[in-house]
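Spelled out, the chains give:
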Amino acid sequence: MVSEMTILSIITYSGDARSSSMEAIAYAKNGDFDKAKSCIEEASKKLKLAHREQTNLIHAEAQGQKHDISLLLIHAQDHLMNAMVVKDLANEFIDMYMKMSNK
């Protein structure tokens, strides 16, 4: 059985990553590209932690430890996937704002 602490770790790290990515967009919009890049770096660190928790679950299942699929686990996966997409989009926004500021 998946521990709730593992699930909540994925949710927390993913939420932090998403927040940092959104903050990066706001900084880029205001022309503060150093702070934007710093926020993206923080988002990457948090996503790495969330992904490590997810990978541990996957490895355990691959070794025969079956997990009950709970709504909370699905919610954690949803948070992680959304955080990954938001970070990718934040990078695109930063690039776009940087190009716009060079005109």
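Reference entry: report on the structure contained in this document. (Residues numbered from 1 in each chain as written. Predicted model: local features only at pLDDT ≥ 70, side-chain atom pairs only at ≥ 80, totals over all residues. Heavy atoms only, no water.)

1. Looking at helix H3 (residues 71–101)
Relative to the 45 Å expected for 31 residues at 1.5 Å per residue, H3 spans 44 Å between its end C-alpha atoms, a close match to the ideal helical length. Residues Leu-73, Ala-76, Leu-80, Ala-83, Val-86, Lys-87, Ala-90, Ile-94 and Tyr-97 constitute the buried set of H3. Looking at the buried side of H3, the elements it contacts are helix H1 (4–29) and helix H2 (33–62). (Helix = DSSP H or I, 4+ residues; strand = E, 2+ residues; numbered from the N terminus. Expected span 1.5 Å × (residues − 1). Buried < 20%, exposed > 50% of the residue type's maximum accessible area, 1.4 Å probe, protein only. Contact = heavy atoms within 4.5 Å.)

2. Brief notes about the packing of H1 against H3
Running from N to C, H1 and H3 cross one another at 20 degrees; their axes reach a closest spacing of 8 Å. By the angle between their axes, H1 is roughly parallel relative to H3. Note on packing geometry: the crossing formed by H1 with H3 is left-handed. Looking at the contact of H1 with H3 residue by residue, the class counts come to 18 nonpolar, 4 polar and 4 charged. (Axes fitted to C-alpha atoms, helices over the stretch in contact; angles between N-to-C directions. Parallel < 35°, antiparallel > 145°, perpendicular 65-115°, else oblique. Left-handed = near helix turned anticlockwise from the far one by under 90°. Nonpolar A, V, L, I, M, F, W, Y, C, P; charged D, E, K, R; others polar.)

3. Examining the pattern of salt bridges
Evaluation of the coordinates by the stated rule reveals 2 salt bridges. A salt bridge links Lys-46 to Asp-16, with the shortest nitrogen-to-oxygen separation between them at 3.8 Å. On the criterion of sequence distance, the pair formed by Lys-46 in helix H2 and Asp-16 in helix H1 is long-range, its members being 30 residues apart. Exposure remark for Asp-16: the relative accessible area of 32% places this residue in the partly exposed category. A salt bridge links Asp-32 to Lys-35; its shortest N-O distance comes to 4.0 Å. Here Asp-32 falls in the partly exposed class, since its relative accessible area comes to 26%. The exposure class of Lys-35 is partly exposed, given its relative accessible area of 42%. (Salt bridge = Lys/Arg side-chain N within 4 Å of Asp/Glu carboxyl O.)

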